[in-house]
Structures are given as structure tokens and as C-alpha cells.
Amino acid sequence: MAAINRDDVAHLAQLAHIEMSDEELESMATELAVIVDAVKSVSEAAGADVPATSHPIPLTNVMREDVVGHVLTVEEALSGAPDAADGRFKVPAILEES
Amino acid sequence: MSASALIRSSAAVMAAKLASGEITSVELVQAHLDRIAEVDGGERGIHAFLHVNAEEALAVAADVDARRAASEELHELAGVPIAIKDLIVTKGQPTTAASKILEGWMSPYDATVIKKIRAARMPMLGKTNLDEFAMGSSTEHSAYGITRNPWDLDRIPGGSGGGSAAAVAAFEAPLALGTDTGGSIRQPGAVTGTVGVKPTYGAVSRYGAIAMASSLDQIGPVSRTVLDAALLQEVIGGHDPLDSTSLTDPSTGLADAARLGNVAGMKIGVVKELHGEGFQAGVENRFNESLDLLREAGAEIVEVSCPNFKYALGAYYLIMPSEASSNLAKFDGVRFGNRTLPTDAPLTIERVMAATRAAGFGDEVKRRIILGTYALSAGYYDAYYGSAQRVRTLVQRDFEAAFAQVDVLISPTTPTTAFKLGEKIDDPLSMYLLDIATIPANLAGIPGLTLPGGLADEDGLPVGIQLLAPAREDARVYRVGAVLESLLETKWGGPILDQAPALASTADEATAKIAAEEAN
Amino acid sequence: MSNETILSFEEALEKYDPVLGFEVHVELNTKTKMFSSAPNVFGDEPNSNVNEVCLGLPGVLPVVNKKAVESSILIGLALNCKIAPHSTFARKQYFYPDTPKNFQTSQYDDPICYDGWIDIELEDGTVFHVEIERAHMEEDAGKLTHMGGATGRIQGADYSLVDYNRSGVPLVEIVTKTIEGAGSRAPELAKAYVAAIREIVKNLGVSDAKMERGNVRCDANVSLRPYGQEKFGTRTETKNVNSLRAVENAVKFEIQRHAAVLDSGVLITQETRHWHEDTKSTTSGRPKSDADDYRYFPEPDLVPIVTSAAWVEELRATLPEPPAERRKRLQADWGYTDMEFRDVVNAGLMDEIEETVTAGATAAAARKWWMGEIARRAKLADVDPAALGVSPAVVVEIEKLIASGAINDKLARKVLDGVLEGEGTPTEVVAKRGLAVVSDDGALQSAIDEALAAQPDVAEKIRGGKVQAVGAIVGGVMKVTRGQADAARVRELILKTLGVEG
Ligand SMILES: [Mg+2]
Ligand SMILES: [Zn+2]
């Protein structure tokens, strides 16, 4: 398992959409390296023959009937939005001006 | 009964007094609101609450009193107030998850447990403090300030549910709701001398609890007595069609189990890996005392080994951040919450999201999101997330083997008593170690209860005793917990909280602070 | 206009062998969404069909729609897929404002349907065997409208508005294996494949299948390799092409574009492309920073779907006749020529003709009316023939009135006018408008006498043996009776009056 460095953190921060300063990237890299080192034994603990557990209590086929339930009003839907216009959520431009 | 004596009663006693007409719910709620005003504010206040819901709580209380006067049949806990961890969404009160990103956010819907609280007509006193998004073990990671431990104001109340535990320990509320992903109900319970239960995964609906790690999260009761916790789990538990992982088991028989009053013939297993080395001597002493009491009460104490528990912490710190990194992706400043614009151009949505999340999340949240993003990223999934899920199977097998030999397992809840505020804030790893004894239950989905086991010799601070039972056997932890609680209280001559120092009033200081803010 | 250099299609095909692959997203027509009980309705006021789950508000959890699972299994069965006994959901993570949770709940390792096939018949009867890799369940995203800027496109927009009504609508994504050997038929195959999928899901009743509404959307993968080379070239994926013609054109354009790029010695960039109907070309898609790493992991909020053999067989028993088989059966039953039948299919009138025949008309009559008068009027009104307002029952009734001699073809068209103007059934229109054929010989005889008197020279010619001149007199009689006479009977009576053998 490779050590985690500043560039790794920068890439991860980009995937996670969190803006980080250079200092933050540095300190995060140091902290994560320690944590990753502490948890690395996990990868050797269980053999490939051990199945993964995704759900602590195994259930199957939990489904609902196709029946319409409650709906928010447009006002309720938009009530927490930082910005809205015309009954819709307003977001800044998706692409950079080119 | 004086108001100060009233608020020190158990919820069950309060309920009985309400039922008999000795007190009204309005009186009871007002007594708690007065206590909150007395001890929660100011620089040296407990600061368990992020929001106090006085008006609605009193209205619900008045309604309960009116219904009772009209001889309407009411729920046993109707009129008994409760505090809600601010990770659970509520209509009519802000829900912040102790994060700046949600400051002022009002949910347009109620969590399922809140619907059940409302149906039982329990007045909600307000929303309690926590580590931001429940990420932490000390409530120091709240964006809205720390919560203090009523036993020692310079110490942590545990976390993430330090607000709920401190509120109950400081008699600001008889009951509270918590959430437990790796110990966030039980660890604060242990360090504040209160009771807390993480129910079986799926026994209580997660709908409306802001998710940290979906496969680990569970809502549960926080209280001062085992019976009170049982009564509350019966209110909030049961099947919920809105939660696909919700069990269909009814949430009944828990209070009955707590009232059973015997452990004779029960086999209780001491988990070799969950005490001894790394555990504070005073914690170990109180733990051994509890074992002696249970033995005297007729239980058989045996030692069991769970060899894979040594991987549990590591697995937890891979699964939890992985799921959290995904669950917290929705906090992007588009549909709800706060938006922060980048300070420079271009103002694209990607950059606005990144600036929003940078400004809105605290360091611990960012740390876990980045760690989780790493564990799930291409090329690392198998080594990290995949391996951790396999360790989960090993931990479950350890529990299965142990429960083949014994009815319940017992351990100290935490390796140490409450540490000083600020002591571990810069050392995430040592903070994570506090959850060493509570995490296995979350990985396996089994129920776990903490109750006060006395005070550590070296610092006079509360020690927690943890009981664990097989999945869907929540009744067992209540049965054994209630017996141990009564044996210990007999020994102490009363509840452990009787030994907690009296809290000085911070009301004047708090009022002055509010006045100063208003003047500004 | 596109500034891309492209090769002619012929030249591209001369040099390169195209390899195709398709991902078709089908929106299911369930009443509610995939993971929430909010209504699945098209075209309502923005953000009026959402609840907290569709908006991904803090604290919400998904619950699977059973009907959507069953619809997915039906699609799988219709595509000859295996149905997974154990199937799970996964989260696909990427940030985009139309995706409320910033992950899409989809399936990854264990799709509900896998390993299927479908035979695609091109117009000339050539059949391509297309293998299906998988068909999995997932949820649709919301709808972005780009504001500001000149074009309404994402490029140059000042801001965007998001409507989450579509967020969470159930989707089935059908993924083919790579398709080799299509050669110059590649664009046609692309169109025919999507048409076949659309027809299947419509026939199953699981989707409204309207491409113009985005119910069926195709991502077309194209790569080229030199003939004889085994290794595939680098592919591009043209996203969300939403008409059959566009699918055909997009594949054709990408083949031509790739060929030009390869010819110039440059490597193809693996990327998504966008199809533009106005310029009939593709442009490079937005660079998606997450595209290389979706960080899939099992959805912890949902539990596995386990399909028993009994459940699958119960669903299989409800499968309608496959469209291709139905077409063969109907053509044989109706006795249409290949060309007649293809015209009917292309006009989209197979269902209407089938209903009309079932209701009692002959296959020939049904075709005559639907492909003739009704299609003509529909074209004038710019609507689908099926939407014109003529029901199969009307066609049957008109045809009966003609057969009984009550009206003739010319009157029948007037009857149709009446029906379309809401005057009632054909029989009612005949009565109201007085359109019945004049069959009273007495009334006809006076009209004939009048006509003969008006054209004595013609009458003389007929008497003299020029029987073919009778047409002029018939025309005169029809004029007097305003067309409401049975022309054959009129001819008979004229000849009788003039004492001539017919
Ligand atoms: Mg795709
Ligand atoms: Zn898809």
C-alpha cells in the first residue's frame, strides 16, 4: 500500500469537491498517512474466502408497492435552497466562460 | 415535590406522577426549561443545547394536560419531555448536524422517530449538540462550540452525542435521543454517568437521521436509568417502511425485561480483548466490581475470546469514512444549506460546490471525507473497503462463537474516563481509540447498552459498563443492565449522579451575554 | 456548422471497420419513482412531483419500487437475458447539480439481467444478432435548463435552473456487448437496434417509449480499426441521442470523423460526445473530472433483490408476443405483400389495422382506409393517423355501409367528414346529412329521363351501339342526384331505358 502524499490528497479533494489550501493539503497528507498506516492491517486480516458483509443484518427483497405517497409543495421543495428562480433551484454556470 | 427534586427523578417516575395527577406536564416542562436557563448558557455553562424549543414544548405539554383532564387514554410517556440530538431532522426546529453548512436549515419533514415522539405526545425540549455530522468522540468538533461534562466542566462529555448525554446528566432533560455509529451513544453515556443504548441495527428507523455511515448508524435512547431507556426504545422502535434496513420485529418487551429483576443462571461472557491492557486502572477496578456483583446475583461469569476484534477499529475507520464520504456528497449548496462563493473567478458550479464544502465542513469532517474517498477510489477499493467488509464478517463470527457460549457479553464501555477538553483534539488517532470497545457492536449490528459502573479511583469520574447481546435480543441487555444498576445503586446508596458536583448557575452570565449581543 | 474535418462515409468504410456498442436508457412508466413514492409524471410544473427523497434532503432513505423491478425483469426476459438470482444496488459517485445526492443509485457488480440477445432485422431483411451484456436498474437525474447565453446550451450560459421532477424516475439501462461486422450497415443497424428496443418496451407496456420525451435515450459507442486488426480502436460515446434518425446520423458522423482523425495520424480521444441536430455533428462533451473514478460501492441503504424461479416464471407468463414474431404473423394473416406491409409498419399503423380487422373489417379494407384517406387527412392536419379521431369501429361501420350499398366510396368520405366533425357514428352521419345512395328506381328514372333529354345526341350514340358513351349520361344523373346514386344501378337503368344490352 502506497503512502499517501500531497498530490494524492489534492486529487482526492478534487474528487470530493473540497477546495483546499496548500497548507491544508500538506497537513491532511500527514494525518492521513498516519491513519492509513494504522488501518493497513485490515487488508491482511481476512482471506479472499471470507465473504464481505455489507449489511449487518441480512435482509432481501424489501420493496414497496407502486402507490403514490406524499409530495412536497413547490414552496416546501425550494424552502431550503440557497438560490431559486422560476420555481426551480438556481445554480451558477456549469462550464467556464470560454 | 420541589422542581429541583422533580427534574432529578427518572422518566418512569415523572410519568407516574403525571398519570396520578400529582404534577402537570406544563410544570414538568417548565422545570426543565428553567434548568436549561440555569445551567446551559454562558461561558462555563454545559451548552448541551443548540436550540431550545420552549414554545412548542409547552404547547404540547398543555395539550397533554388538557387531554389527561378529559380522561383521554394517553401513551405512558405522554407529557414527559425529551431532548433530540441535532442530527435528527425535525419540522419546526432547525436541524444543523452541528455543521456550518446547515446553519439555519429547517427540514420540511420529520424523522420517523420524531413522528413517533409526537404520536406519544412527548414535548421536545430542543436539539442537542454533537460533533459535526456525528464525527468525533468529544463534541469538540461542533461548529457551534463545545459541550461541557457536568462532572467536570473542563472535561469532554464524550461524543458524538455529548449534548444528549450532558443534558440528561445535568438534569436538563430526563430523556434524549442519540445516534450511535461507533459508540456515539454509549461512550458519552459512560463518561457522563448516564445510560445509553445502541439498539440492534434496524430495530429503530434511521429515516430522518442525517447519515454518517449507513450500515453502522443507529438511533437509540439516552437516559439516567435502564428502565427509562427501555421505555423510550419501545416508543421509537419498530418497523418503518421508509427504511429498507428496518426490521419487522415489534419493539415490545423491553421495559418488561428491565423490570424482570434477576440474572440467576445467566451466562455472562467477559471479552478478553475488551479490557486489561490499555484500559485505565480505575476503569478496570469498577469493571471487576460489577462482575463480582453479577456473580453474587447468581450469574455465571466466563471469559470468551474474540480474536478478530483487533482488526475492528481499522475496519471501522475504513467503512465509516467510505460511507460518510458518499453520504455527505449531497451537501453542495444547491438544494439546501449554505452556499459559499469562491473568492476568485471563475464562478462555475464545480468551484462553488468546492468552496461551499470547504467553508461549510470542519477539519474532522474533511479528514473523513478524504479518507473515505481514498478508500473507495479506483485501485484501493479491494484493499480497503473490500477488506474491511470481510473483517466485518470475522467480527460477526467472533460474536456468533461467543454467544454460542454465553447469553450476554460484558466489558468496560470506554478504556478511560473523560479526558480534558482540548487534550486530544490534534491527535485524531488517539481520539479514535476511545471507541475500541464500542465499535464491534456496530460492525456486527448487535445491541449494546452502557450504564454507570461507579467512579474511577484516580479521578473520581464516571466509568461505563457495556453489555452486548445477540442481534434482536435487545431485551437481554435491558434485563441484565437493570439488575446490575440496582445492585450498584444499593451499594452506592442512590444513583451515581447524586455524587456529581452541583452546577453553579450561569443564568446571569448567559442573560448578560444575550443582552450584550442584542445591544450590538 | 461543425469545424470538424470528416471523411466521406464511403471512404471511411473503405479504410476502417467500425465497431459499435449501445447503452440505451429506458424510462419506466411506473406510477412512482424508483426509490420514492413521489409521482412519476412527465411535464408538470417544475419541482411539483418531488418529496424529500427525490431532493436528496438530509436524512432520507430509498425504498425500491417493486413494479420497477418487475418491469426490469420483463425487459430482461424480452431480451433473452438471464435473470440474476441475487442482485444488488450500488452507488455511482459524481457531482453534478442534476444529481441530488451527488451519487446515482444504480447497479454495478450484480445487474438484475445479463447475457441476452436480440436479432435486429434491417429494412432489406438482413439480420444482425446483437448480444446484450446486461440490463440494470437505476434512477434518472433532474432536468437542467441553461439560462443566459445565446443558444440555451450549456456553453456560454450564465446560470442554470434545476427541476427535480424527473429525479428518481426508474430507468433500465440496456448495454450491448461490442458489435462487430456491421460494416457500412452500422448507421442503419444503430437506428434499427434502438427502434427494436423502443418497440419491445412499448409492447411490454413498461415504458411510454416516446423518444421525443426522453423515455428512450441512446448512448452510441463507436470505434474504428483497420480491416484485419483484431484490437479495437479507441471509442467515443455520443450521449443521449433522442431520435432514431439522430442515432443513425450520429453513428455515421462519428465513423466519418474518426476516419479523418485516424487518417491524419492523430489518436482518438476517449471521451463523451454530444450530438447536435442543427449542425448534424457531434462536439466534445464537457470534461468530467470524476469520469475516471466513480467509486462504486454497495448501496448500504438498500438490500439485495432475490428472484425466485417462481417469480420469474410468473412474470414470463405475462410476456406479450414479441414484436418481430407478431409482425410475421400479421403479415401472413392479412396477406399483404412485403412492400405493403413495410409501408404499414413505417406509417406506424399496424396496431390500428389489427384492431380494425379484429373489429370485423377485411384486411384489404382496413389497409385501404388507414393508408389512404385517413393517412391523407392526418398529414394535412399534421397529426398521427391514430390521433386523427377515427376509431377502428368507424372504419368497420363505413365499410359495412359501403358493402350494403347504402353509400358509395365518394359518400363514405363525406361520412368521414361528419364523423370528424363530431356528428356521431357513420350511420348517424348518413341519416343527418341525408347521404344515402338514391336507390328508389322511380326517383332515378326521372333523373335519367331528364339527363337523356338534356343530351339527345349522346342518347342517340348509345342507341347506335356506342355503349361506352353511357358514362356521360351517368355523370349527368350523378350530378342531379348530388352523387347519392349507385352508379352501377344508374348505368343499368339507362341502358334499359334506351333498350340496349349492357
Ligand atoms: Mg452508461
Ligand atoms: Zn445509466
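Residues numbered from 1 in each chain as written. Chains lettered and ligands numbered in written order. Predicted model: local features only at pLDDT ≥ 70, side-chain atom pairs only at ≥ 80, totals over all residues. Heavy atoms only, no water.

- In the nomenclature of an unreviewed UniProt entry, chain C corresponds to Aspartyl/glutamyl-tRNA(Asn/Gln) amidotransferase subunit B from the organism Arthrobacter psychrochitiniphilus.
- For the record of chain C, the UniProt heading Sequence similarities (unreviewed entry) holds the text "Belongs to the GatB/GatE family. GatB subfamily." (UniProt positions renumbered as here; feature names shortened; annotations may be inferred.)

- In the annotation of an unreviewed UniProt entry, chain A is listed under the name Aspartyl/glutamyl-tRNA(Asn/Gln) amidotransferase subunit C and assigned to Arthrobacter psychrochitiniphilus.

1. As for the coordination of the magnesium ion (ligand 1)
All names here are of chain C.
- Taken together, E23 (OE) and E173 (OE) make up the full set of protein donors to the magnesium ion (ligand 1), lying 2.4 to 2.8 Å away.
- In this structure, the magnesium ion (ligand 1) is positioned 4.0 Å from the zinc ion (ligand 2), and both are ligated by E173. Of this pair, E23 sits in strand 1 (residues 16–27) while E173 is found in strand 11 (residues 170–176), placing the two residues 150 residues apart along the sequence. Each member of the pair E23 and E173 is classed as buried. (Donors = N, O, S within 2.8 Å, 3.2 Å for Na, K, Ca; no water. Helix = DSSP H or I, 4+ residues; strand = E, 2+ residues; numbered from the N terminus. Buried < 20%, exposed > 50% of the residue type's maximum accessible area, 1.4 Å probe, protein only.)

2. Observations concerning the pairing of strand 5 (residues 90–93) of chain C
Residue and element names in this part refer to chain C.
- Side-chain alternation along strand 5 places A90 and K92 on one buried face and R91 and Q93 on a second face that is also buried.
- By the bridge criterion, 4 bridges tie strand 5 to strand 6 (residues 103–106) in an arrangement that is antiparallel. For A90, the partnering residue across the bridge sits in strand 6 and is S106.
- Two strands pair when backbone bridges link them, and strand 5 and strand 16 (residues 297–298) are joined in this way by 2 bridges, in the antiparallel orientation. When the sheet's bridge partners are listed, R91 is paired in strand 16 with F297. (Pairing = 2+ DSSP bridges.)

3. Quick word on the pairing of strand 10 (residues 159–163) of chain C
- In terms of residue burial, strand 10 of chain C counts as a mostly covered element, since 4 of its 5 residues are buried.
- Both strand 3 (residues 88–92) of chain A and strand 10 of chain C contribute to a ladder of 4 bridges, which runs antiparallel. Across the sheet, the residue bridging to P92(A) is Y159(C), located in strand 10 of chain C.
- Two elements, strand 9 (residues 143–147) of chain C and strand 10 of chain C, share 5 bridges in a ladder whose sense is antiparallel. For T145(C), the partnering residue across the bridge sits in strand 10 of chain C and is L161(C).

4. Things to note about the pattern of salt bridges
Residue and element names in this part refer to chain C.
- Overall, the coordinates contain 71 salt bridges over all chains when judged by the stated rule.
- Of the charged contacts, one joins K368 and E399 as a salt bridge, the two residues approaching to 3.9 Å between their closest N and O atoms. Residue K368 is located in helix 9 (residues 363–381), and its partner E399 is located in helix 10 (residues 392–403); the two are separated by 31 residues in the primary sequence.
- Here the salt bridges share partners, and the residues they tie into one network are E321, R326, R329, D333, D351 and E354. (Salt bridge = Lys/Arg side-chain N within 4 Å of Asp/Glu carboxyl O.)

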